[in-house]
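Here are the chains, one letter per residue:
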Amino acid sequence: MNIKNFLNSYAEKILLTTYIIFLVSLSLEWEINLFRTILLVAFVSYGFNNRLVVQEILASNFMRIAFLLVGIGIISWILSPYHAKGLKTLDWIMYIIFGLSTTLIWKKNSIFLLLIIPLTCFSASALTVIWSYINSLGASYIFTGENRLFLFMETTNRLGLLCAIATSICIGISFLQKRWTILLAFLAFCLSYINWLTQSRSSVFAIFGVMLISIAYAFNQHKRSPATISLLGLFITLLVVGVFFAKGRILSTLTSSDLGYLLNGRDDIWLAAWEIFQKSPLLGFGVNSFHDALGAHMALPENAGRFPAIRAQYTFWNAHQMILGILCETGIAGLAVFGILIFKGIRSAVTNLPATLPALLMLATFLIHGIGGYGFHRSWNAALFFLPLGMLEGWRILAVKHNGSKEPSL
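Residues numbered from 1 in each chain as written. Predicted model: local features only at pLDDT ≥ 70, side-chain atom pairs only at ≥ 80, totals over all residues. Heavy atoms only, no water.

Chemist: Outline the overall build of the protein chain, supporting the account with residue identities and numerical values.
Modeler: Scanning the protein chain from N- to C-terminus turns up 20 helices and zero strands. Taken across its 410 residues, the protein chain has 55% of its residues classed as buried. For the protein chain, the share of sequence-separated contacts (at least 6 apart) that also reach a separation of at least 24 residues comes to 76%. Summed over its atoms, the accessible surface of the protein chain is roughly 18300 Å², and 67% of this surface lies on carbon and sulfur atoms. (Helix = DSSP H or I, 4+ residues; strand = E, 2+ residues; numbered from the N terminus. Buried < 20%, exposed > 50% of the residue type's maximum accessible area, 1.4 Å probe, protein only. Contact = heavy atoms within 4.5 Å. Areas by Shrake-Rupley, 256 points an atom, 1.4 Å probe, with all protein chains shown as cover.)

Next up, the structure:
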C-alpha cells in the first residue's frame, strides 16, 4: 500500500488521533501551535476524500462572519504603529473549524472526546503532587509565595481557567450520561477544589456562575434527578471546603467591602485600555498590540502622574477584560463580529440542548471569566473560546440537516 492509499484509508483515524493529541496538548498548555498545525494537516488530508464536510463548513454563514475577523486583524495590523500579530486571527478560524468539523464527523462522540481535557488536567495535577511528594520537595514547589497553587501550569491564573473549563465539561456531560454522574461529580469537585487553591478569582467566579446555570437548567428539567442532587452537593461542598479549609484571597474577596481590593488594580488597566481604544475605535491596533500600546500610552507626558496601580507592577500584556481587550485590538468592528458569533453560538446551544450543554458551559465559563480576564492574543486562551463556538455551529448544521430546513438568518 503506497502512502497516498494509506492516507486515504486511514484519514479519519489519523484525524481522530491528532485531535486527541491536540486536546491533550491544550490541557497541558504544551506545544499547542505545533499540534494545532499537525491537526490542520490531518484535517486537510481528511477533507480531500470527504468534500461534503468541507462544503458544509464553507457554506456556513457562521464561518463567513468569522472570516471577517481575519480581514479586521490584517488591516489593523497594517495600520498599527505597534507590534501586532496580523495572522493570529487565522488561529481563531482554525479552532472554529476543528470544533465544527469534529462535531459534523463524530456527532455525540465529539462531546465525549472533550472529557480528555478534565482527565488530562486531573492526571497531570495528581502526577505533579505525587512527584513532588516522592522527591520531598514540599508544598513550596507547588505553591507560590502568596499560597497560590500552580502545579503543572506556568501560572496560577492559567491553571485556574483550565480547571474551570474542565469542570464545566464534567458538569455538562453528566447531563448526557447519567450513569457517569457520580464519577463526573467527583472529578468536577477535584478540579473545582484545585481551581479554588489557585486563588484565581476570575476562574473561581466562573465556576460558581456555571454551577448556578447548571443548577437552574437541572431544576427546569428534573428537580430530583441525579445531576441536580450532585450539582447542589458540589456547590455546597465546594463552598464549605473553600471557606473553612482553603482560606485566601477568594474568601477575602467574598467578604470584603473594599472595591479596590476586588479590582486589584484593574480600574487603572481598564481606564488605560479605554483610552487606548479611543485612539483607534474602528479597528483597534491589532491582535497582541496591547503591551506596546499601553507602554506608549504610559510614556505620554500627560499621563506621568496617572495609573499608579500599573506603574507599581509592570506593563501588562492584556486589558484584563474581554470587551475592552477586543476593542483595543480589533475595535468596534471586531467587537461586533464577536458579538454576532457569541449570539449565534448561544442560540444554537439553547436550540439543541441537552447535547450542546458541555460546549455551552465551556463558552459560559470563558465569558464569565472574561469579566476580569482576556487572552485572545494567546493561542491557548483563544482555543478554549473558539473550539466550543465551532462545536455549537456544528450542532446547528446537524439540526438543520436533520430537520431539512434552511439555515436561519441572523
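Structure shown, so let's carry the discussion forward.
Chemist: Go over the packing of helix 19 (residues 357-369) against helix 20 (residues 379-403), please, and point to the residues and values.
Modeler: Axis separation between helix 19 and helix 20 bottoms out at 9 Å; the angle between their running directions is 145 degrees. Every pair of crossing elements has a handedness; the one defined by helix 19 and helix 20 is left-handed. Residues A359, L360, M362, L363, F366 and L367 of helix 19 lie in contact with helix 20, whose contacting residues are N381, L384, F385, P388, L389, M391 and L392. For the contact of helix 19 with helix 20, the class distribution of residues is twelve nonpolar, one polar and no charged. (Axes fitted to C-alpha atoms, helices over the stretch in contact; angles between N-to-C directions. Left-handed = near helix turned anticlockwise from the far one by under 90°. Nonpolar A, V, L, I, M, F, W, Y, C, P; charged D, E, K, R; others polar.)

Chemist: I'd like to hear about helix 3 (residues 32-49), residue by residue, with values.
Modeler: With 18 residues, helix 3 extends 26 Å between its outermost C-alpha atoms, agreeing within 8% with the 26 Å of an ideal straight helix rising 1.5 Å per residue. Within the span of helix 3, buried status applies to I32, F35, R36, L39, A42, F43, S45, Y46 and G47. (Expected span 1.5 Å × (residues − 1).)

Chemist: Tell me what's going on with unusual backbone geometry, and back it up with residues and numbers.
Modeler: In the segment running from L353 into P354, the intervening peptide bond is cis, with an omega of 5 degrees. The residue P354 is located in the loop between helix 18 (322-351) and helix 19 in this model. We note that E31 has phi near 50 degrees; this positive angle belongs to a residue other than glycine. Structurally, E31 can be placed in the loop between helix 2 (11-28) and helix 3.

Chemist: Describe the pattern of salt bridges, listing the residues and the values that go with them.
Modeler: For the structure on display, the rule yields seven salt bridges. For the salt bridge of R36 with D91, the shortest nitrogen-to-oxygen distance reads 2.7 Å. Here D91 lies in helix 6 (residues 88-106) and R36 lies in helix 3, a separation of 55 residues in the sequence. Bridged by salt links that share partners, the residues E29, R158 and R378 form one connected network. (Salt bridge = Lys/Arg side-chain N within 4 Å of Asp/Glu carboxyl O.)

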